[in-house]
Amino acid sequence: MITLPAKVPIKQLTTGVPGLDDILGGGLPEFSFNIIAGAPGCGKTTMAHQFVFANATKERPAIYFTVLGEPALKMLRYQQQYSFFDASKLNTSVRFVNLSDALITRGLDGILEEITKVVEAGNPGVVVVDSFRTLLHNPGKNKNEISPDLFVQRLGLLLTGWQATTFLVGEYAETELRDSPVFTVADGLFWLSQDVDRNSIVRKLQIMKLRGQGSVPGKHTFRITDDGIRAYSRTLGLISRKRKMPSVKRLSTGIPELDQMMGGGIPEGDSFLVSGSSGTGKSLLATQFIAEGLRQGQPGIVAIFEESTDEYAERANSFGLNLQPAVKDGSLRLMYLRPLDLSVDETVHDIIEAIRKTGAKRLVIDSLAGFEMALAPAFRTDFRESLYRMIFSLTGMGITILSTLEMEESFKELRFSTFLISFLTDDIMRLRYVEIDGQLRKILMVVKMRGGDHSKDIREYEITSKGFVIGDRLKGYDHLITGIPNRARQKP
Amino acid sequence: MNRNSPSPEIRAIAQHLLARETGAGDSPQTHEQRAFLVAEKLRHPLSTLVGATGYRALLARAVALAKAQDPGLGRLQVKPDGSLDGLSELSNGHAVEAGGAVITEILGLLEVFIGEELTIRLVSDIWPDLPAFETEPEIEPK
C-alpha cells in the first residue's frame, strides 16, 4: 500500500531581510500573494527589492512592475545605494516594467493584459507591483473597465497560476483594512509603520496575516541601514532554542567574601542585579566578575552605555585588571552601546551575536539606567517588558548576567531597585553609603537569592587599588540600612 | 569630474552607437537617420522601464541640453509620441553633430540618474555586442 504524505510541503523562500525569516516562521511561503503596506517612507519598496534580489534567477526572474508611484529611474538610483542591490542582475534576472501608460490609456483591463503578457513571456518566480494602491485608486478612462474586486481576484489567479511569489506594495492606512478586497485575497500582509516620538523615529513591522504557517505575533522593530532593512524579532530569534536546564554550578565574582555571602557565588544562568548610588563600586564589582570569568577560561561580554570601551578598560587597569589581552584574543568583547533611539531588541540582537561569536558565559550590562537612556522614548515605556524578554532569553541560553543599576540615595529608606525590576532578577545585591562616626562609609548586603539561602549580614566594604575588600559584619548599630544608624543600646 | 556632463565612456558609447547604425542595411543611412535610429532603439526598452511619458521627458531634456550647447538646433524637438523631429531640417554636418549630442545627452542623463554601470547594462541589452570602452580617467580640475 502506498503511503501518501498527509499535507503538501510548502517551500519557504528567504525574504533577504535579516531577521524577517525568523519572524515569518522560517521564510516566505512560495507562490504566496502578499501585500507590503504602510505609510510613505516606511521602507516598503526597499523590503520588496531585498526580496527580489534575494530570489531572482535567470531561469525564474523577478519582474518589478511600477505604476504611478516612484519613477523607476529614481528607484534604481536610490536602491542601488544598498549593499543587497546587485547591478549584474538588472535586465537579466531582475526586470522593471512601467505600467503607468497602460493604466492611463486602458485602465485596469489594460494593466491586467499587460501583466499577463509580460508574465507569460518572462516566466517570473517573483512579481512585485508598486504601488498597487495607486493602481486601484486611479481608474482609467474606460468606464466599463473591470471592477477592482475582480481585477484583484484575476491578478491573484494569474500570478498563482504562473507560480509566482507576489508582493503588492501600497501606501495603505489601517482604516482601509476592512474595505479593500486585496486584503481578503492576500495570503500575507506585512504592515510597516514609523512613529515619531519626541525627536526620535521608531520603525515597526507587523505580520498581520500569513496563511499556511505560524509567524511571530506582535510588532517587531526594524531599522533601515546601508544594507537595507534589518528586522528584530520580539522573540529575539530564540523561539526555537531550548532553554538550558537550570545549573547547580556557582560562578565566582572574584571576591571570595562575596561568594561566601551568596552561598558559593552567583548561580550559573542567573540574572544578578547590583544596585547602588554613584561611587559605590558597581562597575568595579562587575569588572571583577568578568575578570574572574576570564581567569577561569569563561569568555565574557560587557555592554557599556555610559563610557567608551577605552575608558572602561583603562579604569579596570587602574585596579590591576588588565582586560586588553582578553580583548585581543577575542575572549572578551567590550560593547559600547550609546546611540540614541536604540530598541531593546536591537541591543539584544547585537549582544546575542557577540555571545555566539565569543562563546561568552558571563555578561555585564553597565548600566540599566544607561541602557534605558539609550533607548528611543517610545521604547522606554516598554522598558520593563523588554528587559524581561531580554533577561529571559539570555539566561535561557545559560548566560549569567550581572546588571548594575544606579540608585538615588535616600537616607530615610532603603530601596532595592527602581524600574520595579526586582522581580525580573534572580539575585539582588545592594551597595550603599552610611554615615558612621562622622565618616561616609560603605555597606553591602545580599537582598535576594532566588536559588537558595544567603548571608543576612550587612557588611562594610572598601574600594582599594586591588578592588573590593569586604570587612566584617557591622555590629553595634541599628538602622544601618537607612544610612543614618544609631548605636545599638546594650541590653541591660 | 563634472557630474552634469556625460563621462568619456558614455560619450564613446554614444559615438559608437551612431557609427554602427550606418550600413545596418544595404543602403547607407543618412547622418540624421543614425541618431533617429539609435533613439528609436532606445525608446522601447526605456519606455518599458520608465513609461512612454518618462522616456519622452528624458529625450526632451536631452534635446534641451543639446540645444544649450548649440543654439543652432532650435528646430529640433520631441514629438508627442516620443520620436525625434527636426533633424532633417538641419544641414548634413549640423545634423550629425545634433544627433550625436542628443544621443550623448540621453545616455548622460541615464548616467546621472542610475550611474555608469547600470546605464551600460541597459545599452548592452539593446546592443548585446557593445564593446568595452576603456577611457582615460578625467583629471579633476584644480
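Data block above holds the structure.
Residues numbered from 1 in each chain as written. Chains lettered and ligands numbered in written order. Predicted model: local features only at pLDDT ≥ 70, side-chain atom pairs only at ≥ 80, totals over all residues. Heavy atoms only, no water.

A.B. asks: What exactly am I supposed to notice about the overall build of chain A here?
C.D. replies: Scanning chain A for helices and strands turns up 15 helices and 24 strands. At 29 Å, chain A has a C-alpha radius of gyration far larger than the 23 Å of a compact globule built from 492 residues. Residue burial in chain A is summarised as follows: out of 492 residues, 55% are buried. Here the analysis covers contacts within chain A between residues at least 6 apart in sequence; of these, 69% occur between residues at least 24 apart. Surface exposure of chain A reaches about 22,400 Å², of which carbon and sulfur atoms provide 51%. Mean positive and mean negative side-chain charge positions of chain A (60 and 57 charges, respectively) differ by 3 Å. (Helix = DSSP H or I, 4+ residues; strand = E, 2+ residues; numbered from the N terminus. Rg over C-alpha atoms; globule rule 2.2 N^0.38 Å. Buried < 20%, exposed > 50% of the residue type's maximum accessible area, 1.4 Å probe, protein only. Contact = heavy atoms within 4.5 Å. Areas by Shrake-Rupley, 256 points an atom, 1.4 Å probe, with all protein chains shown as cover. Lys, Arg positive; Asp, Glu negative; His and termini not counted. Charge placed at Lys NZ, Arg CZ, Asp CG, Glu CD.)

A.B. asks: Please explain the packing of aromatic side chains as it appears in this structure.
C.D. replies: Centre distance and the angle of the planes are the two values used to describe a pair of aromatic rings. Residues and elements named next belong to chain A. Inspection of the entire model under this criterion finds 12 aromatic pairs over all chains. Aromatic pair Phe53 and Phe84: ring centres 6.2 Å apart, planes at 50°, arrangement tilted. Here the residue Phe53 occupies a position in helix H2 (residues 44-55), and Phe84 occupies one in the loop between helix H3 (72-79) and strand S5 (94-98), the gap between them amounting to 31 residues. Its relative accessible area of 7% is what places Phe53 among the buried residues. With a centroid separation of 6.1 Å and an interplanar angle of 25°, the aromatic rings of Phe132 and Phe151 are classed as stacked. (Phe/Tyr/Trp six-rings, centres within 6.5 Å; stacked < 30°, edge-to-face > 60°.)

A.B. asks: Even after reading the chapter, I still don't get the side chain of Thr45 of chain A, so can you show me in this structure?
C.D. replies: Residue and element names in this part refer to chain A. Within the secondary structure, Thr45 sits in helix H2. Residue classification places Thr45 among the buried residues on the basis of a relative accessible area of 14%. When sequence neighbours within four positions are dropped, the list of residues in contact with Thr45 reads Tyr64, Glu70, Met75, Gln79, Asp130 and Val169.

A.B. asks: Honestly, the interface of chain B and chain A in this entry has me stumped. Any pointers?
C.D. replies: When the parts of a complex come together, some accessible area is lost, and that lost area is often used as the size of the interface. In this assembly, 18 residues from chain B lie in contact with 15 residues from chain A. Of the roughly 1,400 Å² buried where chain B meets chain A, counting both sides, 62% is carbon and sulfur surface. When the buried surface of chain B facing chain A is broken down by residue, Leu49, Phe113 and Leu118 of chain B rank first, second and third, together holding 37% of it. Applying the counting criterion to the chain B and chain A interface returns eight residue pairs in polar contact (both at pLDDT 80 or more). Within the residue set of the side of chain B that touches chain A, elements represented by two or more residues are helix H2 (31-69) and helix H3 (92-126) of chain B. Per-element accounting of the side of chain B that touches chain A gives the leading share, 10 residues, to H3 of chain B. Here the residues of the side of chain B that touches chain A are counted per class, giving 10 nonpolar, five polar and three charged. (Buried area = accessible area lost by both parts, 1.4 Å probe. Polar contact = N/O pair within 3.5 Å; in protein donor to acceptor, adjacent residues only side chain to side chain. Nonpolar A, V, L, I, M, F, W, Y, C, P; charged D, E, K, R; others polar.)

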